[in-house]
Amino acid sequence: MSSLPLAYNQIDIQRGMTTSSTAIFVPFTTQELFQPDKEALYYGLNALSNNLIMVDRKKLKNPNGLILGTPGSGKSFSAKREIANAFLVTDDDVIISDPESEYSPLVERFGGQVIKISPTSSQFINPMDINMNYSDDDNPVALKADFILSLCELIVGGKEGLQPIEKTVIDRCIHKIYQKYFENPVPENMPLLEDLYNALLAQEESEAKHVATALEIYVHGSLNVFNHRTNVDITNRLVCYDIKDLGKQLKKIGMLVVQDQVWGRVTENRSAGKSTRYYMDEMHLLLRDEQTAAYTVEIWKRFRKWGGIPTGITQNVKDLLASKEVENIFGATR
Ligand SMILES: Nc1ncnc2c1ncn2[C@@H]1O[C@H](COP(=O)(O)OP(=O)(O)O)[C@@H](O)[C@H]1O
Ligand SMILES: [Mg+2]
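Note that the structure is a prediction, hence the values are computed from the model and not measured.

Next up on the list: the nonpolar core. Ile117, Ile170, Leu196, Leu200 and Ile253 are the most contacted members of the largest nonpolar core, which totals 71 residues. Residue contributions to this core peak at 11 residues, all from helix H4 (residues 140-156). Each of domain 2 (63-125 + 230-330) and domain 3 (140-225) accounts for three or more of the residues forming this core. Contact partners of Leu200, with chain neighbours within four places excluded, come to Val169, Ile170, Cys173, Ala208, Val211, Ala212 and Leu215. In terms of nonpolar packing, the next biggest core, distinct from the first, is built from 13 residues, Ile67, Val94, Val114 and Cys240 among them.

Right, let's get into the site of ligand 1. Thr70, Pro71, Gly72, Ser73, Gly74, Lys75, Ser76 and Phe77 make up every residue found near ligand 1. Here an oxygen atom of ligand 1 sits 2.8 Å away from a polar atom, N or O, in the main chain of Lys75. Residue Phe77 places a main-chain N or O atom 2.8 Å away from an oxygen atom belonging to ligand 1. Against a free-state accessible area of 560 Å², the protein chains account for coverage of 46% of ligand 1. For the shell around ligand 1, the per-class residue count stands at 2 nonpolar, 5 polar and 1 charged.

The next subject is the sheet that holds strand S8 (residues 308-314). A sheet is described by the order of its strands in space; here 6 strands give the open sequence S3-S8-S7-S4-S6-S5, paired in parallel fashion. Two strands bound the open sheet, and with one partner strand each, they are strand S3 (65-68) and strand S5 (113-116). Within the sheet, the average angular offset between the axes of one strand and its neighbour, ignoring direction, is 15°. This element, helix H2 (residues 75-89), spans S3, strand S4 (93-98), strand S6 (238-242), strand S7 (276-281) and S8 of the sheet and lies at about 165° to S7. Each of S3, S7 and S8 touches helix H9 (residues 290-305); the most contacted strand, S8, lies at about 140° to it.

Quantified by volume, the largest pocket comes out at close to 360 Å³. Element by element, the count of residues in the lining of the largest pocket is highest for helix H8 (residues 248-271), at 6 residues. Taken together, the residues that form the lining of the largest pocket break down as 5 nonpolar, 5 polar and 8 charged. The volume enclosed by the second largest pocket comes to roughly 220 Å³.

Turning next to the domain arrangement of the chain. Per the domain assignment, the segments of the chain are domain 1 (1-60), domain 2 (63-125 + 230-330) and domain 3 (140-225). Once you take the C-alpha centre of each, domain 1 and domain 2 turn out to be 37 Å apart. Summed over both sides, the interface of domain 1 with domain 2 buries roughly 960 Å², with 49% coming from carbon and sulfur. On the domain 1 side of the interface with domain 2, the three residues burying the most area are Leu41, Arg57 and Lys58, jointly 64% of the side's total. Taken together, domain 1 and domain 2 are joined by 2 salt bridges. A salt bridge links Asp92 to Lys58; the shortest N-O distance between them is 3.1 Å. Between domain 1 and domain 2 we count 8 residue pairs in polar contact (both at pLDDT 80 or more) in total. By residue class, the composition of the side of domain 1 that touches domain 2 is 4 nonpolar, no polar and 4 charged.

Overall, the coordinates contain 14 salt bridges when judged by the stated rule. Note that Glu102 is salt-bridged to Lys80, the shortest N-O span being 3.4 Å. Here the residue Glu102 occupies a position in the loop between S4 and helix H3 (104-109), and Lys80 occupies one in helix H2, the gap between them amounting to 22 residues. Via salt bridges that share partners, Glu39, Lys58, Asp92 and Arg277 belong to a single interconnected network.

Conventions and cut-offs
Residues numbered from 1 in each chain as written. Chains lettered and ligands numbered in written order. Predicted model: local features only at pLDDT ≥ 70, side-chain atom pairs only at ≥ 80, totals over all residues. Heavy atoms only, no water. Core = buried A, V, L, I, M, F, W, Y, C linked by side-chain atoms within 4.5 Å. Buried < 20%, exposed > 50% of the residue type's maximum accessible area, 1.4 Å probe, protein only. Helix = DSSP H or I, 4+ residues; strand = E, 2+ residues; numbered from the N terminus. Domains from an automatic or database assignment. Contact = heavy atoms within 4.5 Å. Near = heavy atom within 4 Å. Polar contact = N/O pair within 3.5 Å; in protein donor to acceptor, adjacent residues only side chain to side chain. Areas by Shrake-Rupley, 256 points an atom, 1.4 Å probe, with all protein chains shown as cover. Nonpolar A, V, L, I, M, F, W, Y, C, P; charged D, E, K, R; others polar. Pairing = 2+ DSSP bridges. Axes fitted to C-alpha atoms, helices over the stretch in contact; angles between N-to-C directions. 1 Å grid on protein atoms, 1.4 Å probe; cavity = no way out; pocket = protein on both sides within 12 Å on 5 of 7 lines; lining within 4 Å. Points joined across faces, edges and corners; volume = space filled by probe spheres on them. Buried area = accessible area lost by both parts, 1.4 Å probe. Salt bridge = Lys/Arg side-chain N within 4 Å of Asp/Glu carboxyl O.

In structure tokens:
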């Protein structure tokens, strides 16, 4: 009878309680994260108070996101859930780098564009694409050179990455091939990987020949997926780059190229006053090589300033923490 909520105590015991024992009945210590904005998205329930967690990442100090978890724990699913929420609630563009080919049903259901990049696909994106807004200083080629050096590192670099002389000759050639484009910026003048290859062959240094030879398979050989002009519509509000069928080495290159395409989109969207959400599954792959990691960090840091909202998805915390730059991207400590 005493245990019923009738406020009728038949047991003749009374007990005093200290503040800390009383506190267990009231969640005095819960911290809530609830932003009542129009564009706030759902992120789950507060484990202590069971209240909704609603956040507009654009309003946080740092909008960059990271989804961590063991394989099969639902990382990709939680990304899909956030994508669906963002697509319906906001006007933002959403771009996905999909190395496991698992986002296309969702993207197609929303009327988005799936771009399949593989050695047998007829859809191409050109890693050399550049636009006038590509960088906010006067020299868009300098940032593009950073990207192409990263690309070359994945292609040529051994354990130590690119050597200083190799970097110099590549950089010299990059400026040369873009000069022609900027004199007359029509799509037919957009450089291809092949132009870089030819420019390298024309240099005197033996290092240039070395790099050119490594590039050859990507230009004339069987891995020439990235030696074509862009022929797909990448202006849809929801774009998914399916790179599953690229082999292991090509996959990293594919992720880097997609990231660069996203950057191009972010720069264009900024002039239109639009935000760009970018989801990168298996993001740790890009933090393994030094130059590539440095470029990725640079781009992720720039995203915030330019209205980009990137989310990395990974189960490989070891590779992530091994990168010196995690704090710089996520504004967090180890
Ligand atoms: N909240 C959830 N409710 C029900 N099923 C889920 C949920 N999250 C994930 N799953 C299922 O669990 C499986 C693994 O999820 P997935 O997102 O692919 O994991 P990860 O990307 O972390 O490897 C999938 O079949 C997915 O549909
Ligand atoms: Mg997954």
